[in-house]
Amino acid sequence: MHEDPGKMYDLKRLQTRIRPLQLCHAPVITSTSDWARQEVESGRLPAPALMLADSQSAGRGRGTNTWWSASGNIAATFVMSQNPHLEFGRVPLLAGLAVRRALVRLTACQEIGLKWPNDLVLGHRKTAGLLCERLQRVDLIGVGINVNAGSQEAPAELRERITSLRELSGAVWDLTDVAGEVSQDLQRVLSVESENAAREMLDEYTRHHWPTGKNIELVDTDRTSRLLGRCLGIDLQGRLLVKTKQGIHALLTGSMVSVHDQGDAPRDVLLPAESTSM
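Here goes a summary of the coordinates provided. Just so you know, these numbers come straight off a predicted model, no measurement behind them.

1. Things to note about the sheet that holds strand β8 (residues 125–134)
A sheet is described by the order of its strands in space; here 7 strands give the open sequence β1-β2-β5-β9-β8-β7-β6, paired in mixed fashion. Strands at the two margins of the open sheet, each flanked by one partner only, are β1 (22–29) and β6 (113–115). Ignoring which end each strand starts from, the neighbouring axes of this sheet average 20° apart. Sheet topology note: the strand β7 (residues 119–122)/β8 ladder contains 4 bridges and is antiparallel. Bridge pairing in β8 places D119 opposite G129. Here helix α1 (residues 11–18) sits on the sheet and contacts β1 and β2 (49–56); the angle it forms with β1, its principal contact strand, is near 135°. Sitting on the sheet, helix α3 (residues 91–107) is in contact with β6, β7, β8 and β9 (138–145), with an inclination near 140° to β8.

Below is the structure:
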């Protein structure tokens, strides 16, 4: 931890911590994911690498969502060689699991949960999010973590929906330490070399999946259709399992727009076109 909330990265120390990744840093960037994509597609940046910014002016989330980014938080994109043992549908889940491992180790807070497909939460409040994309040669793993700036510094519309490591622990965090821990866990998880190891990590993801057992509402990423039902967890392909009046559905895409404790029975269902029934 560090006493100065305004302290930025110690780039020399961070480069040592994240080897063999190449460190690329910018004080302000529109989006680390866009920056990484441009550098990879131009041929200027080989994997593995870490694209890091002190803040983003136009951070991206999934679909058309934006990501609020502030000084004192982590805005990063990891450029990782594609793992032939890891199909892309599992990448966001295992990357989220890696971030959770790092944050739990740092904070000793076991209550940090995962929310399919790309969030880390404390109850209903988001503390981190991921944006994963696959190019021809590499996977881009965008990671945003609310570290030292949280609900009090956020725009009014986000204050009831997010939290930070500082709010969780009451301490100011050294961003170099947090980024270094996350990098090491991501490298370990994404270098998985067997199906059994991948399945074990998906089992671990499921154990910490916060919406499991709750009533949820989802919207398809590209459409307006919605699905309402009881979340049963994640299968070995990384699909979300939802029980409705029509049966059990395994979802490949979508975003949760609400999560409720058990109580109300699922209402009528409109199934997104890209999901498949089991």
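2. Brief notes about the environment of S81
Relative to the helices and strands, S81 resides in strand β5 (residues 74–81). Each C-alpha atom, one on S81 and one on A47, is 5.6 Å from the other, the two residues being 34 residues apart in sequence. Excluding anything up to four places from it in sequence, S81 contacts A47 and R137.

3. Describing helix α6 (residues 195–207)
Given a rise of 1.5 Å per residue, 13 residues ought to cover 18 Å, and the 19 Å separating the end C-alpha atoms of α6 matches this to within 8%. The set of residues buried in α6 consists of A198, M201, L202, E204 and Y205. Across the axial projection of α6, the buried residues extend over an arc of 155°, all falling on one side. In α6, the exposed positions that point more than 90 degrees away from the buried face belong to N196, E200 and R207.

4. Focus: the packing of α3 against helix α5 (residues 175–190)
Pairs of packed helices are described in terms of their axes, by the angle between the two and the distance that separates them. α5 packs onto α3 with a crossing angle of 140° between their chain directions and a minimal axis gap of 8 Å. Judged on the interaxial angle alone, α5 and α3 are oblique. The chirality of how α3 crosses α5 is right-handed. Along the contact surface, α3 presents V91, L94, A95, A98, V99, R101, A102, L103, R105 and L106, while α5 presents V178, E181, V182, D185, L186, R188, V189 and L190. Split by residue class, the contact of α3 with α5 holds 13 nonpolar, no polar and 5 charged.

5. Remarks on the pairing of strand β11 (residues 226–234)
Here 5 bridges tie strand β10 (residues 215–219) to β11, and the two strands are oriented antiparallel to one another. Along β11, the bridge assignment pairs I216 with G229. Across 4 bridges, the pairing between β11 and strand β12 (residues 240–244) is antiparallel. Note on β12: the bridge partner recorded for G233 is L241. Counted along the chain from β11 to the antiparallel partner β12, the turn is 5 residues long, and its residue G238 has a positive phi close to 85°.

6. A short note on the side chain of S164
With respect to the helices and strands, the residue S164 is situated in the loop between β9 and α4 (165–169). The class for S164 is buried, based on a relative accessible area of 1%. Once you skip the residues sitting within four places of it in the chain, S164 turns out to touch T127, N146, V147, A149 and G150.

7. Examining the packing of α1 against α5
At a minimum axis separation of 9 Å, α1 and α5 run at an interaxial angle of 15°. Relative to α5, the element α1 is oriented roughly parallel. Between α1 and α5 lies a crossing whose hand is right-handed. Here α1 contributes R13, L14, R17 and I18 to the contact with α5, which in turn contributes T176, D177, A179, G180, E181, S183, Q184 and Q187. Here the contact of α1 with α5 is built from residues that sort into 3 nonpolar, 5 polar and 4 charged.

Rules and cut-offs
- Residues numbered from 1 in each chain as written.
- Predicted model: local features only at pLDDT ≥ 70, side-chain atom pairs only at ≥ 80, totals over all residues.
- Heavy atoms only, no water.
- Pairing = 2+ DSSP bridges.
- Helix = DSSP H or I, 4+ residues; strand = E, 2+ residues; numbered from the N terminus.
- Axes fitted to C-alpha atoms, helices over the stretch in contact; angles between N-to-C directions.
- Contact = heavy atoms within 4.5 Å.
- Expected span 1.5 Å × (residues − 1).
- Buried < 20%, exposed > 50% of the residue type's maximum accessible area, 1.4 Å probe, protein only.
- Arc of directions from axis to C-beta.
- Parallel < 35°, antiparallel > 145°, perpendicular 65-115°, else oblique.
- Left-handed = near helix turned anticlockwise from the far one by under 90°.
- Nonpolar A, V, L, I, M, F, W, Y, C, P; charged D, E, K, R; others polar.

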